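Chain residues, written in single-letter form:
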Amino acid sequence: MKRTLLARNADVLVTMDARRREIRGGGVYVEGNAIVAVGTSGELPPTADEVIDLPGTSSPGLVNTHHHMYQTLTRAMPLAQDAELFGWLRALYPVWARMTPEMIRVSTRTAIAELLLSGCTTTSDHLYVFPNGSRLDDSIEAASTTGIRFHATRGSMSVGASRGGLPPDALVEDEDAILADTRRVIEAWHDPARHSMLRIGVAPCSPFSVSRDLMRESAALARSHGVSMHTHLAENDDDVAYSREKFGRTPAQYAEELGWVGRDVWHAHCVKLDGEGIAHFARTGTGVAHCPCSNMRLASGIAPVRRMRDAGVNVGLGVDGSASNDAGHLMGEARQAMLLQRVGSGPAAMTAREALEIATLGGAAVLGRDDLGALAPGMSADFVAFDLAQPGFAGALHDPVAALVFCAPAGVAWSVVDGKVVVRRGALATIDLGPQVERHNRLARELARG
């Protein structure tokens, strides 16, 4: 018999289903790791192996489509506080070169703790530096203890400064070794099944740190194994200038030339994606991870999300690295996405409900998941509940759905992932935060001191 879970009596349950229902007094009934029924609490079975009374507003779990979890070790470092992208990277590369496997493991758990408490239930991670014996396995093994649904991408850098790239030579890898290890990780860890808790992606870092050959070979490898592809693209003006100077192409043209478009591909940032690129991404189903806080922090600009969405591009949210955002709060990212589009395109540019849709269904589409992002029978049992009976929401309860996005970002009261409670009454059930944060801060100090 599958274990059952009944979550009921939410003030409002945001389903994000085909009809975008918002159910007063709503709930979900779960068998194993999948949703069996959604409706008013009176329409659901009266009992289950576990029963939860949901406070406030509940929604599908949020989906984070871009992160560099190791960067939680280098938040707010003085040497990189006031730089744009390329200067920021040059300042931090030497610090990241000192990382150890333990640092990867601990920073991954810290980053995931922060995400889970913000309402995230599925996250990707882009790890592209592997110094001192570090492997992608370190982050995968750490994530497996947290209860989150994890998309780990094997990043890489192969073109160092001596060959015209941005990273120092000491941080790049041999391309044959990159491809061999990527193949190993896919074969060892990737689970393509519906409701999978772990998938692997292929993720050369950026046009300014890998070769054309590696981009092409990575795409071929990914498609031969049926896994997704991820990279950075068109993040700021320097990024665009590099592509034009080195390749004679815009970033979107460069991606198209190398086979980096399609429903199995998503690009991070795309702040400077032009009209031609937007149209091509829409035609091919290529996804975009929008990272508003990082884009503001590094003064990269305002991504044309309104134009992308209107054209039919799949857009999800990403918190990006915690050294270029300094936070990993996904509901906070949804709020900033809404506000930033309004700065660029007027007060009607994005509604609160659209921002929440991007954070759920949008992220699921970008990651190629048709089992996430909505509460409906047959979908993965991933949902969260926010308690609105607190000062930050006082006066906003006439629209408790919009309040989630308009008001100050709050932590979750409950989080269920794969049918299991991961956050219970605001406390993580899978990570002991006190020792975790102390260990993380000790390692961060060691890393900063060299």
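Residues numbered from 1 in each chain as written. Predicted model: local features only at pLDDT ≥ 70, side-chain atom pairs only at ≥ 80, totals over all residues. Heavy atoms only, no water.

1. Considerations on the packing of helix H2 (residues 101–117) against helix H3 (residues 136–143)
The contact between H2 and H3 brings their axes to 8 Å, and the two run at 40°. Between H2 and H3, the angle falls in the class oblique. The element H2 and its partner H3 pack so that their crossing is right-handed. Contact residues: Pro101, Ile104, Arg105, Thr108, Arg109 and Ile112 in H2; Asp138, Ser139, Ala142 and Ala143 in H3. (Axes fitted to C-alpha atoms, helices over the stretch in contact; angles between N-to-C directions. Helix = DSSP H or I, 4+ residues; strand = E, 2+ residues; numbered from the N terminus. Parallel < 35°, antiparallel > 145°, perpendicular 65-115°, else oblique. Left-handed = near helix turned anticlockwise from the far one by under 90°. Contact = heavy atoms within 4.5 Å.)

2. A few points about the pairing of strand E8 (residues 149–156)
Of all eight residues making up E8, eight are buried, and the element is well covered by its neighbours. Side chains Arg149, His151, Thr153 and Gly155 project from E8 onto one buried face, and the interleaved Phe150, Ala152, Arg154 and Ser156 project onto a second face that is buried too. The pairing of strand E7 (residues 120–127) with E8 spans six bridges and is classified as parallel. Across the sheet, residue Ser124 finds its bridge partner in E8, namely His151. Between E7 and its parallel partner E8, the chain crosses via H3, and the hand of that crossover is right-handed. Two strands pair when backbone bridges link them, and E8 and strand E9 (residues 198–204) are joined in this way by seven bridges, in the parallel orientation. If you follow Phe150 over to E9, its bridge partner there is Leu198. Taken together, E8, helix H4 (residues 175–189) and E9 constitute a β-α-β crossover, and its handedness is right-handed. (Buried < 20%, exposed > 50% of the residue type's maximum accessible area, 1.4 Å probe, protein only. Pairing = 2+ DSSP bridges. Right-handed = clockwise from strand over helix to strand, strands pointing away.)

3. Here's the deal with the pattern of salt bridges
Across all of its chains, the model carries 32 salt bridges by this definition. Between Asp138 and Arg105 there is a salt bridge, with its nearest N and O atoms 3.4 Å apart. Taken together, the positions of Asp138 in helix H3 and Arg105 in helix H2 put the pair 33 residues apart, joining distant regions of the chain. In this structure Arg105 comes out as partly exposed when scored by relative accessible area, which is 33%. Between Glu257 and Arg249 there is a salt bridge, with its nearest N and O atoms 2.8 Å apart. Shared partners join several salt bridges into a network, and the residues in it are Arg20, Arg306, Arg309, Asp310, Glu354 and Glu357. (Salt bridge = Lys/Arg side-chain N within 4 Å of Asp/Glu carboxyl O.)

4. Some points on the packing of aromatic side chains
Here the structure, examined in full by the defined rule, presents eight aromatic pairs. Relative to Tyr128, the ring of Tyr70 has its centre 5.9 Å away and its plane inclined at 80°; by these criteria the two rings are edge-to-face. Separated by 58 residues along the polypeptide, Tyr70 in the loop between strand E6 (62–64) and helix H1 (85–96) and Tyr128 in the loop between E7 and H3 bring together distant segments of the chain. Ring centres 6.1 Å apart and planes at 85° place the aromatic pair Tyr93 and Trp96 in the edge-to-face group. Here Trp96 and Tyr93 lie together in helix H1, a separation of three residues that amounts to about one turn. On the accessibility criterion, Tyr93 (1% relative accessible area) is buried. Given the relative accessible area of 0%, Trp96 is considered buried. Members of the aromatic cluster, each reached through a chain of ring pairs, are Tyr70, Trp88, Tyr93, Trp96 and Tyr128. Above the ring of Phe130, the side-chain terminus of Arg154 is found at 4.2 Å from the ring centroid. (Phe/Tyr/Trp six-rings, centres within 6.5 Å; stacked < 30°, edge-to-face > 60°. Lys NZ or Arg CZ within 6 Å of the ring centre and 35° of its normal.)

5. Some points on the state of the cysteines
Per the stated rule, a full pass over the model turns up zero disulfides. Cys293 forms no disulfide, and the closest cysteine sulfur to it belongs to Cys291, at a distance of 9.4 Å. The closest cysteine sulfur to the non-disulfide-bonded Cys407 is located on Cys293, 17 Å from its own sulfur. By relative accessible area, Cys407 is classed as buried at 15%. (Disulfide = S-S within 2.5 Å.)

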